[in-house]
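Okay, here's what each chain looks like letter by letter:
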Amino acid sequence: MTSFRSEYDEFQESTFESNSDAFVAFVVANTTSDPANAMQRLLPNFFGRPALYGKTFVATLDQQGKPASVTMYPPAQTVQSASIYS
(Lines give C-alpha, C1' and ligand atoms only; values in the text may rest on other atoms or scores of the structure.)
Protein backbone atom coordinates (compact mmCIF):
# COMPACT_ATOMS: atom_id res chain seq x y z
CA MET A 1 0.00 0.00 0.00
CA THR A 2 1.28 3.43 -0.84
CA SER A 3 0.10 6.99 -0.34
CA PHE A 4 1.88 8.24 -3.48
CA ARG A 5 3.47 10.99 -1.42
CA SER A 6 7.10 12.07 -1.71
CA GLU A 7 9.37 12.64 1.24
CA TYR A 8 8.21 16.29 1.04
CA ASP A 9 4.53 15.23 1.23
CA GLU A 10 3.90 16.07 -2.44
CA PHE A 11 1.44 13.90 -4.36
CA GLN A 12 3.26 11.79 -6.98
CA GLU A 13 0.64 11.86 -9.76
CA SER A 14 2.77 10.15 -12.43
CA THR A 15 3.57 7.24 -10.08
CA PHE A 16 -0.10 6.96 -9.15
CA GLU A 17 -1.15 6.87 -12.83
CA SER A 18 1.53 4.33 -13.73
CA ASN A 19 0.53 2.03 -10.86
CA SER A 20 -3.17 2.43 -11.71
CA ASP A 21 -2.54 1.51 -15.36
CA ALA A 22 -0.51 -1.53 -14.32
CA PHE A 23 -3.28 -2.66 -11.97
CA VAL A 24 -5.95 -2.33 -14.68
CA ALA A 25 -3.77 -4.34 -17.09
CA PHE A 26 -3.31 -7.02 -14.41
CA VAL A 27 -7.06 -7.24 -13.78
CA VAL A 28 -7.89 -7.43 -17.50
CA ALA A 29 -5.23 -10.05 -18.16
CA ASN A 30 -6.49 -12.23 -15.31
CA THR A 31 -10.26 -11.93 -15.75
CA THR A 32 -10.98 -12.35 -19.46
CA SER A 33 -11.13 -15.63 -21.32
CA ASP A 34 -11.32 -14.02 -24.78
CA PRO A 35 -7.86 -12.97 -26.07
CA ALA A 36 -9.35 -10.48 -28.58
CA ASN A 37 -11.36 -8.79 -25.83
CA ALA A 38 -8.30 -8.60 -23.59
CA MET A 39 -6.22 -7.07 -26.39
CA GLN A 40 -8.89 -4.49 -27.14
CA ARG A 41 -9.13 -3.49 -23.49
CA LEU A 42 -5.35 -3.31 -23.03
CA LEU A 43 -4.60 -1.14 -26.06
CA PRO A 44 -4.15 2.55 -25.33
CA ASN A 45 -6.27 5.27 -26.86
CA PHE A 46 -4.57 6.78 -29.88
CA PHE A 47 -5.95 10.31 -29.57
CA GLY A 48 -3.76 12.79 -31.40
CA ARG A 49 -2.42 10.20 -33.84
CA PRO A 50 -4.78 10.59 -36.82
CA ALA A 51 -2.38 8.70 -39.11
CA LEU A 52 -3.46 5.54 -37.21
CA TYR A 53 -7.22 6.15 -37.39
CA GLY A 54 -9.12 3.63 -39.51
CA LYS A 55 -6.07 1.44 -40.08
CA THR A 56 -5.83 -2.31 -39.41
CA PHE A 57 -2.75 -3.93 -37.95
CA VAL A 58 -1.58 -7.46 -37.22
CA ALA A 59 0.32 -7.67 -33.95
CA THR A 60 2.38 -10.67 -32.91
CA LEU A 61 3.42 -11.08 -29.29
CA ASP A 62 6.47 -13.07 -28.17
CA GLN A 63 6.48 -15.66 -25.35
CA GLN A 64 6.98 -12.89 -22.76
CA GLY A 65 3.97 -10.89 -24.03
CA LYS A 66 6.08 -8.19 -25.67
CA PRO A 67 5.32 -7.03 -29.23
CA ALA A 68 7.41 -9.15 -31.62
CA SER A 69 6.06 -7.49 -34.76
CA VAL A 70 3.36 -5.12 -35.92
CA THR A 71 2.42 -4.89 -39.59
CA MET A 72 -0.27 -3.06 -41.50
CA TYR A 73 -3.08 -5.16 -42.91
CA PRO A 74 -3.42 -5.51 -45.78
CA PRO A 75 0.28 -5.00 -46.47
CA ALA A 76 1.08 -1.64 -48.03
CA GLN A 77 1.29 -1.73 -51.79
CA THR A 78 4.34 -0.37 -53.53
CA VAL A 79 3.59 2.79 -55.44
CA GLN A 80 5.83 3.51 -58.39
CA SER A 81 6.86 7.10 -58.64
CA ALA A 82 6.37 8.92 -61.90
CA SER A 83 8.31 11.93 -63.01
CA ILE A 84 6.24 15.08 -63.07
CA TYR A 85 8.59 16.49 -65.71
CA SER A 86 8.06 13.90 -68.45
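Conventions and cut-offs
- Residues numbered from 1 in each chain as written.
- Predicted model: local features only at pLDDT ≥ 70, side-chain atom pairs only at ≥ 80, totals over all residues.
- Heavy atoms only, no water.
- Helix = DSSP H or I, 4+ residues; strand = E, 2+ residues; numbered from the N terminus.
- Buried < 20%, exposed > 50% of the residue type's maximum accessible area, 1.4 Å probe, protein only.
- Contact = heavy atoms within 4.5 Å.
- Areas by Shrake-Rupley, 256 points an atom, 1.4 Å probe, with all protein chains shown as cover.
- Pairing = 2+ DSSP bridges.
- Patch = residues over 30% accessible without salt bridge, like charges linked within 9 Å, V, L, I, M, F, W, Y side chains within 5 Å.
- Salt bridge = Lys/Arg side-chain N within 4 Å of Asp/Glu carboxyl O.

Undergrad: Talk me through the overall build of the protein chain; I want residue IDs and the actual numbers.
TA: Looking only at helices and strands, the protein chain features 2 helices and 2 strands. Ordering the α and β elements of the protein chain from the N terminus gives α-α-β-β. Burial status across the protein chain gives 5% buried among its 86 residues. Restricting to contacts in the protein chain with at least 6 residues of sequence separation, those with at least 24 account for 0%. Entry remark: accessible area of the protein chain is about 8100 Å², with carbon and sulfur atoms responsible for 56%.

Undergrad: Outline the pairing of strand 2 (residues 67-73), supporting the account with residue identities and numerical values.
TA: Along strand 2, only 0 of the 7 residues are buried, which leaves the element largely exposed. For strand 1 (residues 56-61) and strand 2, the ladder comprises 6 bridges, and the chain directions are antiparallel. Considered in strand 2, the bridge of Phe-57 is made with Met-72. Between strand 1 and strand 2, which follow one another and run antiparallel, lie 5 residues, and Gly-65 among them has a positive phi close to 85°.

Undergrad: Tell me about unusual backbone geometry, and name the residues and values.
TA: For the bond running from Tyr-73 to Pro-74, omega is -10°, close enough to zero to count as cis. Assignment of secondary structure puts Pro-74 in the segment after strand 2. For Phe-4, which is not glycine, the phi dihedral falls at a positive 60°. If you check the backbone angles, Asp-9 has positive phi at about 65° while not being a glycine. Assignment of secondary structure puts Asp-9 in the segment before helix 1 (13-31). In this structure Asp-9 comes out as exposed when scored by relative accessible area, which is 56%.

Undergrad: Now, about a nonpolar patch on the surface: what can you tell me, with residues and values included?
TA: A cluster of nonpolar side chains, namely Met-39, Leu-43, Phe-46, Phe-47, Leu-52, Tyr-53, Phe-57, Leu-61, Val-70 and Met-72, defines an oily patch on the protein surface of about 950 Å² accessible area. The set of elements that each furnish at least two residues to the nonpolar patch consists of strand 1 and strand 2. Structurally, Phe-47 can be placed in the loop between helix 2 (35-42) and strand 1.

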